[in-house]
2 protein chains.
Amino acid sequence: MKVDIHESLLLRNQTAAEHNRSHFARRGVFCVNLMGSPGSGKTALLEATGRALAGRRTLAAMSGDLATDHDAQRLTAAGIPSCAITTGSACHLDADLVHTALHELNREFSMLFIENVGNLVCPAIYDLGQARNVVALSVTEGEDKPLKYPVMFRNADLVVITKIDLLPHLPRVDVGVIQSALERVMARPRFMKVSAETGEGMSAWFDWLSSAELNP
Amino acid sequence: MKVDIHESLLLRNQTAAEHNRSHFARRGVFCVNLMGSPGSGKTALLEATGRALAGRRTLAAMSGDLATDHDAQRLTAAGIPSCAITTGSACHLDADLVHTALHELNREFSMLFIENVGNLVCPAIYDLGQARNVVALSVTEGEDKPLKYPVMFRNADLVVITKIDLLPHLPRVDVGVIQSALERVMARPRFMKVSAETGEGMSAWFDWLSSAELNP
């Protein structure tokens, strides 16, 4: 019974996700679902993206958290008009929440970032209608997270390995081991290393966005 | 209906948790439920604890992850006999899983660490029968996590702020801001700063364990 209820929730979510997907297609919106642990650097990645793409793209974002609109405020300040989705006690966004937030954004945009609730488990199985799943994984999280949380990484289109400016201070972390773990788990391994702080590697992320946008 | 099902699951979990709690009381076992984000340093904290308390306590642990027994292997190597609880796709441990794992441990011990699935949301609402809830929060996760994930921190008996050896390399992180956020969210604010890497602050953690053990 527990499983049936869960399946029916997922089925209902899928219908809402397809509705969002058609909406994005009609409006020519490229949508990225950005997931990752709390503190993996999702907001910092988007802030740097907002500053770099200002004037070249019409961006928007929605930020999921249990409480506060801190992230939406940070993103708006960085040039990405954003709304907060506060989930109360829920551990992930679903397609209905995204649909409601779309009405709240109430503006035209061509690229939408959905910053999911910080959680390396639950968000992975809820389709939101996005064109791409991106997972932020910080080097401070250790080497074996892809193996320990495979569901999240299996369906990722891209993993952005973040905070690489901290690598010199993490003698126990070998980024090559993180990459090997991703290669073992991801269906189509695709990852890159960036530092939103120093800008290192960020151009590859912008190139990936531009390329993916052409084939949503 | 969704809520009813959830409440019935929590009620069933509560019964199993009380069963575990009586078991711990009869055996004189002090049990800590250690929670936190993926990569917050839970395993490193316990490894250092195992090495420090070797010969002074009879320890045991169970480690929850979606996949792999890496953490249980690390803890066993550090002197804490441990078993892995692999949850498949589940985002938290529940009292039944702990009960089953207790049989698997199959040895005498006076202090049990349950290392929960790395997740700052879902584990918070599942009682496992523990005497204390401890949350590991690393300084690399940023300053506002307690405000953004209040459910986890509200019911924590102690928050261990980890990886403080990295503070000199995190110019944007003020540990005082983390502490203020904890004071706003925790019902009974209690926190300490440690580095499992350098050992800084670890004696306060061992003192807290000894003191809490006397009043389970």
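These figures come from a predicted structure and were not determined experimentally. (Residues numbered from 1 in each chain as written. Chains lettered and ligands numbered in written order. Predicted model: local features only at pLDDT ≥ 70, side-chain atom pairs only at ≥ 80, totals over all residues. Heavy atoms only, no water.)

Caption draft 1: Just the overall build of chain A, in detail. A count of helices and strands for chain A gives eight helices and seven strands. Relative to its length of 216 residues, chain A is compact, with a C-alpha radius of gyration of 17 Å against a globular reference of 17 Å. With respect to the three principal axes, the spread of C-alpha positions in chain A is 50 × 45 × 35 Å. Buried residues in chain A amount to 57% of all 216 residues. Pairs at least 24 residues apart make up 73% of the contacts formed inside chain A by residues separated by at least 6 positions. When the accessible surface of chain A is split by element, carbon and sulfur atoms take 50% of a total near 8,900 Å². Looking at chain A, you have 21 positive and 24 negative side-chain charges, and the mean spots of the two groups are 2 Å apart. (Helix = DSSP H or I, 4+ residues; strand = E, 2+ residues; numbered from the N terminus. Rg over C-alpha atoms; globule rule 2.2 N^0.38 Å. Buried < 20%, exposed > 50% of the residue type's maximum accessible area, 1.4 Å probe, protein only. Contact = heavy atoms within 4.5 Å. Areas by Shrake-Rupley, 256 points an atom, 1.4 Å probe, with all protein chains shown as cover. Lys, Arg positive; Asp, Glu negative; His and termini not counted. Charge placed at Lys NZ, Arg CZ, Asp CG, Glu CD.)

Caption draft 2: How the structure looks around the interface of chain A and chain B. If you look at the interface, chain A gives 39 residues, while chain B gives 39 residues. Taken over both partners, the interface formed by chain A and chain B buries close to 3,100 Å², and the fraction arising from carbon and sulfur atoms is 64%. Linking lysine 148 of chain A and aspartate 65 of chain B is a salt bridge whose minimum nitrogen-to-oxygen distance equals 3.9 Å. On inspection of chain A and its partner chain B, the count reaches 15 residue pairs in polar contact (both at pLDDT 80 or more). Residue classes in the side of chain A that touches chain B are distributed as 19 nonpolar, 10 polar and 10 charged. (Buried area = accessible area lost by both parts, 1.4 Å probe. Salt bridge = Lys/Arg side-chain N within 4 Å of Asp/Glu carboxyl O. Polar contact = N/O pair within 3.5 Å; in protein donor to acceptor, adjacent residues only side chain to side chain. Nonpolar A, V, L, I, M, F, W, Y, C, P; charged D, E, K, R; others polar.)

Caption draft 3: The arrangement of the pairing of strand β2 (residues 59-65) of chain B in detail. All names here are of chain B. Counting buried residues along β2, seven of its seven residues qualify, which places the element largely inside the surrounding structure. Residues Leu59, Ala61, Ser63 and Asp65 point to one face of β2 and Ala60, Met62 and Gly64 to the other, with burial holding for every one of them. Bridge analysis of β2 against strand β4 (residues 111-115) gives five bridges, and the strand direction is parallel. Residue pairing in the sheet places methionine 62 in a bridge with isoleucine 114 of β4. The pairing of β2 with strand β3 (residues 82-86) spans five bridges and is parallel. By the bridge assignment for β3, serine 63 is matched with alanine 84. In this view, the connection linking β2 to its parallel neighbour β3 by way of helix α3 (residues 70-77) has right-handed handedness. (Pairing = 2+ DSSP bridges. Right-handed = clockwise from strand over helix to strand, strands pointing away.)

Caption draft 4: Quick look at the sheet that holds β3 of chain B. All names here are of chain B. On the basis of which strands lie adjacent, the open sheet formed by seven strands has the order β3-β2-β4-β1-β5-β6-β7 and parallel pairing. Lying at the two open borders of the sheet, with one neighbouring strand each, are β3 and β7 (191-193). Across the sheet, the axes of successive neighbouring strands diverge by a mean angle of 20 degrees, strand direction being ignored. Note that strand β1 (residues 30-36) and β4 share five bridges and pair parallel. By the bridge assignment, valine 32 is partnered in β4 with phenylalanine 113. On the sheet, helix α4 (residues 95-105) packs against β2, β3 and β4 and is oriented at approximately 145 degrees with respect to β3. (Axes fitted to C-alpha atoms, helices over the stretch in contact; angles between N-to-C directions.)

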